[in-house]
Amino acid sequence: MANNEIVFDVVSKIGVISKYPTGWLKEVNLISWNNGPAKVDIRDWDPEHEHMSKGVTLHDDEARKLLSLLGKHFAETEKPAESIATPVSVVNEENAASI
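Reading the values: rules and limits
- Residues numbered from 1 in each chain as written.
- Predicted model: local features only at pLDDT ≥ 70, side-chain atom pairs only at ≥ 80, totals over all residues.
- Heavy atoms only, no water.
- Helix = DSSP H or I, 4+ residues; strand = E, 2+ residues; numbered from the N terminus.
- Buried < 20%, exposed > 50% of the residue type's maximum accessible area, 1.4 Å probe, protein only.
- Salt bridge = Lys/Arg side-chain N within 4 Å of Asp/Glu carboxyl O.
- Pairing = 2+ DSSP bridges.
- Axes fitted to C-alpha atoms, helices over the stretch in contact; angles between N-to-C directions.
- Contact = heavy atoms within 4.5 Å.
- Lys, Arg positive; Asp, Glu negative; His and termini not counted.
- Polar contact = N/O pair within 3.5 Å; in protein donor to acceptor, adjacent residues only side chain to side chain.

Undergrad: Hey, could you run me through unusual backbone geometry in this one?
TA: Glycine aside, a negative phi is what most residues show, and trans is what most peptide bonds show. Notably, Asn-34 is not glycine yet its phi reads approximately 50 degrees, a positive angle. Examined against the element boundaries, Asn-34 turns out to sit in the loop between β2 (25-33) and β3 (39-45). On the basis of relative accessible area, Asn-34 is assigned to the partly exposed category, the value being 38%.

Undergrad: Explain the pattern of salt bridges here, please?
TA: For side chains of opposite charge, pairing can occur when their charged atoms come near one another. All told, the structure shown has two salt bridges when counted by the stated rule. A salt bridge links Asp-44 to Lys-26; its shortest N-O distance comes to 2.9 Å. Here Lys-26 lies in strand β2 and Asp-44 lies in strand β3, a separation of 18 residues in the sequence. Since its relative accessible area comes to 15%, Asp-44 is described here as buried.

Undergrad: Looking at this structure, how should I read the sheet that holds β2?
TA: Backbone-to-backbone hydrogen bonds join strands into a sheet, with any given pair of strands oriented parallel or antiparallel. Here four strands make up an open sheet; going across it, the order is β1-β2-β3-β4 and the pairing antiparallel. Each edge of the open sheet carries a strand with a single partner, namely β1 (8-19) and β4 (56-58). Shown here is a sheet whose adjacent strand axes are inclined to one another by a mean of 25 degrees, direction ignored. As defined by bridge partners, β2 adjoins β3 across seven bridges and the pair is classed as antiparallel. Across the sheet, the residue bridging to Ile-31 is Lys-39, located in β3. The strands touched by helix α1 (residues 60-76) are β3 and β4; relative to β4, the strand with the most contacts, the crossing angle is about 105 degrees.

Undergrad: Explain the side chain of Glu-27 to me, please; I cannot follow it from the model alone.
TA: Within the fold, Glu-27 resides in strand β2. Lys-13 provides the closest opposite charge to the buried, salt-bridge-free Glu-27, at an N-O distance of 5.1 Å. There is a polar contact of 3.0 Å between the side chain of Glu-27 and the side chain of His-49. Non-local contacts of Glu-27, meaning those with residues more than four positions away in its chain, are made with Gly-15, Val-16, Ile-17, Asp-41, Ile-42, Arg-43, Trp-45 and His-49.

Undergrad: Looking at this model, I keep getting lost on the pairing of β1. Mind explaining?
TA: Side-chain positions along a regular strand alternate between the two faces of the sheet. Where β1 meets β2, nine bridges bridge the pair, whose relative direction is antiparallel. When the bridges of β2 are listed, Ser-12 appears paired with Leu-30. Linkage of β1 to β2, two consecutive antiparallel strands, is achieved through a turn of five residues, within which Gly-23 is found at a positive phi near 100 degrees.

Fair warning: the whole summary comes from geometry, so function is off the table for now.
Below is the structure:
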């Protein structure tokens, strides 16, 4: 591996947050970067998973804290979740080809 080469392995696809007209997807995945432990990762990917945007990578404790903070935020707001968030699709073996 060259010094500037980044190696990644998508350990688990958690879900798709949104799909763009270009075919790119905003995904939540568990990814191992440079053969390290898998972390929760949120970023845009091209359909072939060859190109990606900048994203956010979280350790498990950070992801749990984010989930807690978002849960509290949405519980305290008067707006229904549908009006402020794009629906999330769960990717699994059966529906992965249709996304």
